[in-house]
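Structural description and commentary
Spelled out, the chains give:
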Amino acid sequence: MAVERNQLLEHIGLEITGMAGRDLVDREAADECQAALDRHGVVVYRDAHISDTDLVTFSRMLGEVVVPRAIDDGEFPEVATITSDPKRSKLAALRKGNFFWHIDGTHDELPQKGTLLAAHEVDPAGGDTEFATTYAAYQALPEAEKERIADLRVIHRFSRPMRLAFPDATPEQRAGWDTIPEREHPLVWRRRDGRRSLLIGVTADEIVGMDPDESRALLDHLDEWATQPQFTYRHQWRVGDLVIWDNTGMLHRALPFEPTSRRMLHRTTLVGDELVEA
């Protein structure tokens, strides 16, 4: 099958067809993927049907791979099972937090570089994944708004999406979420290549030194701005798809699906390689 590459939208997304999982375990393919991520933010390999062995190998060609702590879902410690079925994953109950727009690892000093998701089972009635580019969203802000937010700092907390997803949580659950340290970051991430993006999403809990109501209003406004249709791509999963995104400059979320859904994705995550700089 001939390899085809199609830009999905003006600001986000490249779809590649005609490459199987085994074709990706190649230095040239990995370099092409990284260049596409830098330019498009999200890369979709349709019908790749990549095995876990090749997924881990390909991920390592893109960077250092995170080995999640306290997870033993399968043969490979680097591969997390994304599902709502507690029989398949110990973290299934926490996946409800994925229904909010977010950036992974914002409570870490070094946010994760990227994420790879391979579809093993899909839900035809739901479970699409949406992505929003905070690079293009920042660039399109009015100059006065860029000046307003230029020096602001924001506190990210893991507990915020959990509080929203589980409003009736027990005190013990809330105490457990609060054990994950909060992290203060600049609201605008200035990259070593000159680009700028917004560090926003559901984990952004408050802006340092700002009135709480004003802080929440500004963060909600920026979330709404960045997730406008011109900045977003909605991926409808097919079994065999592999989707990779630049976690540092993309918000993402799963669209809701039934708790009994068979939807199951395998995920690897790349260690960050650039500290957040103001």
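One structure accompanies this document, and this report is about it. Think of each chain on its own: its residues are numbered from 1, step by step along the sequence as written. Where totals are concerned, whole chains, interfaces and linings use all residues; where local detail is concerned, this predicted model gives features only for residues with pLDDT of at least 70, and gives and counts side-chain atom pairs only at 80 or more. Where side-chain values are given, they derive from all heavy atoms of the structure, hydrogens and water being excluded.

**Examining the overall build of the protein chain**
This is how the line gets drawn: To qualify as a helix, a DSSP run of H or I must reach at least 4 residues; to qualify as a strand, a run of E must reach at least 2; elements of each kind are numbered from the N terminus. Only C-alpha atoms enter the radius of gyration, while the globule expectation follows 2.2 Å times N to the 0.38, with N the number of residues. When accessible area is computed with a 1.4 Å probe and restricted to protein chains, residues below 20% of their type maximum are described as buried, those above 50% as exposed, and intermediate ones as partly exposed.
Of regular secondary structure, the protein chain possesses eight helices and 15 strands. Here the protein chain has a C-alpha radius of gyration of 18 Å; the compact-globule value for 278 residues is 19 Å, and the two agree. Principal axes of the C-alpha set define a box for the protein chain whose edges measure 55 × 45 × 35 Å. Taking all 278 residues of the protein chain together, 55% fall into the buried category.

**Some points on the environment of Arg 39**
One can find Arg 39 in helix α2 (residues 27–40). Separated by 116 residues in sequence, Arg 39 and Ile 155 have C-alpha atoms that sit 28 Å apart.

**Focus on the packing of α2 against helix α3 (residues 52–62)**
Rules: In this analysis an axis means a line fitted to C-alpha atoms, helices contributing only their contacting stretch, and an angle means the value between N-to-C directions, from 0 to 180 degrees. Should an angle lie under 35 degrees it is considered roughly parallel, over 145 roughly antiparallel, and from 65 to 115 roughly perpendicular; all remaining angles are considered oblique. Left-handed describes a crossing whose near helix is turned anticlockwise from the far helix by less than a right angle; the clockwise case is right-handed. Note on contacts: a residue pair is in contact if any heavy atoms of the two residues lie within 4.5 Å. Charged residues are taken to be Asp, Glu, Lys and Arg, nonpolar residues to be Ala, Val, Leu, Ile, Met, Phe, Trp, Tyr, Cys and Pro, and polar residues to be all remaining types, Gly included.
Relative to each other, α2 and α3 sit at 60°, their axes nearing to 9 Å. Judged on the interaxial angle alone, α3 and α2 are oblique. Viewed along their axes, α2 and α3 form a crossing whose handedness is right-handed. Contacts between α2 and α3 involve Arg 27, Ala 29, Ala 30, Cys 33 and Gln 34 from the former and Phe 58, Met 61 and Leu 62 from the latter. Broken down by class, the residue content of the contact of α2 with α3 amounts to six nonpolar, one polar and one charged.

**Overview of the side chain of Ser 197**
Applicable threshold: In protein, a polar contact means a hydrogen-donor-capable atom and an acceptor-capable atom, both N or O and within 3.5 Å, with residues adjacent in sequence counting only if both atoms are side-chain atoms; elsewhere, any N or O pair within 3.5 Å suffices.
In this fold, Ser 197 is placed in strand β10 (residues 196–198). Within the structure, Ser 197 has its side chain in polar contact with the side chain of Arg 191 (distance 2.7 Å). Residue contacts for Ser 197: discarding those within four places in its chain leaves Thr 134, Tyr 135, Tyr 138, Leu 187, Val 188, Trp 189, Arg 191 and Thr 248.

**Some remarks on helix α8 (residues 212–226)**
What counts is decided by this rule: Here a helix's expected span is defined as the number of its residues, less one, multiplied by 1.5 Å. Arc definition: directions from the helix axis to the C-beta atoms.
Compared with the 21 Å implied by 1.5 Å per residue over 15 residues, the 21 Å span of α8 between its first and last C-alpha is a close match. Residues Ser 215, Arg 216, Leu 218, Leu 219, Leu 222, Asp 223 and Ala 226 constitute the buried set of α8. For α8, the angular spread of buried residues about the axis comes to 165°, placing them on one side. Pointing more than 90 degrees away from the buried face of α8 are the exposed residues Asp 213 and Glu 224. For α8, the N-terminal cap is Asp 211; the gap from its side-chain oxygen to the backbone nitrogen of Asp 213 is 3.0 Å.

Take it as geometry only, folks, not as evidence of what the structure does.
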